[in-house]
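Chains, contacts and geometry: an overview
One letter stands for each residue in the lines below.
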Amino acid sequence: MFLALTACFPKASTDSGDLSDSQLDGDTDADSDADTDADTDADTDADTDADTDTDTDTDADSDADSDADSDADTDTDTDADSDADSDADSDADSDADLGRAPTVGDLVITEVMSNPHPDAEPAAEWFEIYNTSSDSIALDGLVLSDMGADSVALSGAGVVAAGSYYVIGGSTDLALNGGAPVSYAIPADAAFDLANDDDEIVITSGSTVIDSMTWLDGQPSLKGRSWSVDPASMTASGNDDATAWCDGTTVFGTSGMLGTPGAVNPACTVSSTSR
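Residues numbered from 1 in each chain as written. Predicted model: local features only at pLDDT ≥ 70, side-chain atom pairs only at ≥ 80, totals over all residues. Heavy atoms only, no water.

A look at the packing of aromatic side chains
For any pair of aromatic rings, the description rests on two quantities: the centre-to-centre distance and the angle between the ring planes. The following threshold applies: A pair of Phe, Tyr and Trp rings is counted when the ring centres sit within 6.5 Å of each other, with Trp represented by its six-membered ring. The angle between the planes then sorts it: under 30 degrees is stacked, over 60 is edge-to-face, the rest tilted. Per the convention used, a helix needs a DSSP run of H or I reaching at least four residues, while a strand needs a run of E reaching at least two, with both numbered from the N terminus. In this scheme, a residue with accessible area under 20% of its type's maximum is buried, one over 50% is exposed, and one in between is partly exposed, where area comes from a 1.4 Å probe on protein chains only.
Counted by the stated rule, this structure contains three aromatic pairs. Seen from their ring centres, W126 and F252 are 5.9 Å apart, and the 85° between their planes marks the pair as edge-to-face. Linking W126 in strand β2 (residues 126–131) with F252 in the segment after β12 (245–247), this pair joins segments that are 126 residues apart in sequence. Each member of the pair, W126 as well as F252, is classed as buried.

Overview of unusual backbone geometry
What you tend to see is this: most non-glycine residues have negative phi, and most peptide bonds are trans. Of the consecutive residues H117 and P118, the connecting peptide bond is found in the cis state with omega at 10°. With respect to the secondary-structure elements, P118 resides in the loop between β1 (107–113) and β2. A cis amide bond links Q219 to the next residue, P220, at an omega of 0°. Structurally, P220 can be placed in the loop between β10 (208–215) and β11 (227–229).

A few points about the nonpolar core
Here is the rule: As used in this record, nonpolar core signifies buried Ala, Val, Leu, Ile, Met, Phe, Trp, Tyr and Cys residues forming a set joined through side-chain atoms within 4.5 Å. Throughout, a contact is declared for two residues whenever any of their heavy atoms are within 4.5 Å.
By size, the foremost hydrophobic cluster in this structure holds 31 residues, and its most contacted members are F127, I129, L139, L144 and I168. Breaking this core down by element, the ones donating at least two residues are β1, β2, β7 (165–169), β9 (199–205), β10 and β11. Excluding residues within four positions of it along the chain, F127 makes contact with I109, E111, V112, L144, Y166, V167, I168, F192 and I201. Formed by seven residues, the second largest nonpolar core is a distinct cluster that contains M113, V167, A180 and M257.

This is the structure we're talking about:
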């Protein structure tokens, strides 16, 4: 029994060595080739694709930032600054117009209330001038006088606009002047008023007579009526003709007096002198 067992051991040793060599050769070739190829290809492709996508994002960010900054800065700053400066300069120049000094005929006397009733004199006295020129006319510094000793210089009267009427009187208080729209009140202590009989109004600028007019006793014919020139004679020479004047016929204000202070005169159908 012992011998039989001993004889079996060498055979087993030989078989075991042959299997071991065969198995080692086969395992080495298969594992090495498969692992190397698969790992290399997969890693390389994936990394390369991912980097390319990142570049695409960079381009998108660059475009968006550049467009937004450039448009916003240029449009907002340029438009706002330019408009604001231009408007401010234009308004200041326009507001500075104070009118020019008159020349002969620029201002024409067109209506006179010398004998008001029932309101008291001289508060309810007034006369009207008209600017025949195409410019604003400055009134300050002009002198009102008659052919005698009456005289007063205008101060604070401002301007009369082109083609407009301007009323000068004894008071701007409508309750005292019968509701006449007086723009400038002659100071109470001034040596100038409108007589009920004959009198004159002379407007001068320096030594130049701009316009003048005269009325006689009975012109106008009744108390509480103005004496107004026909619209066709509203010139420095036309209002010198006494036949171009007539009594007021239009009620104004609150006292029932007749005239059109600060407004267009009605045409004269019958003059005061002929009546």
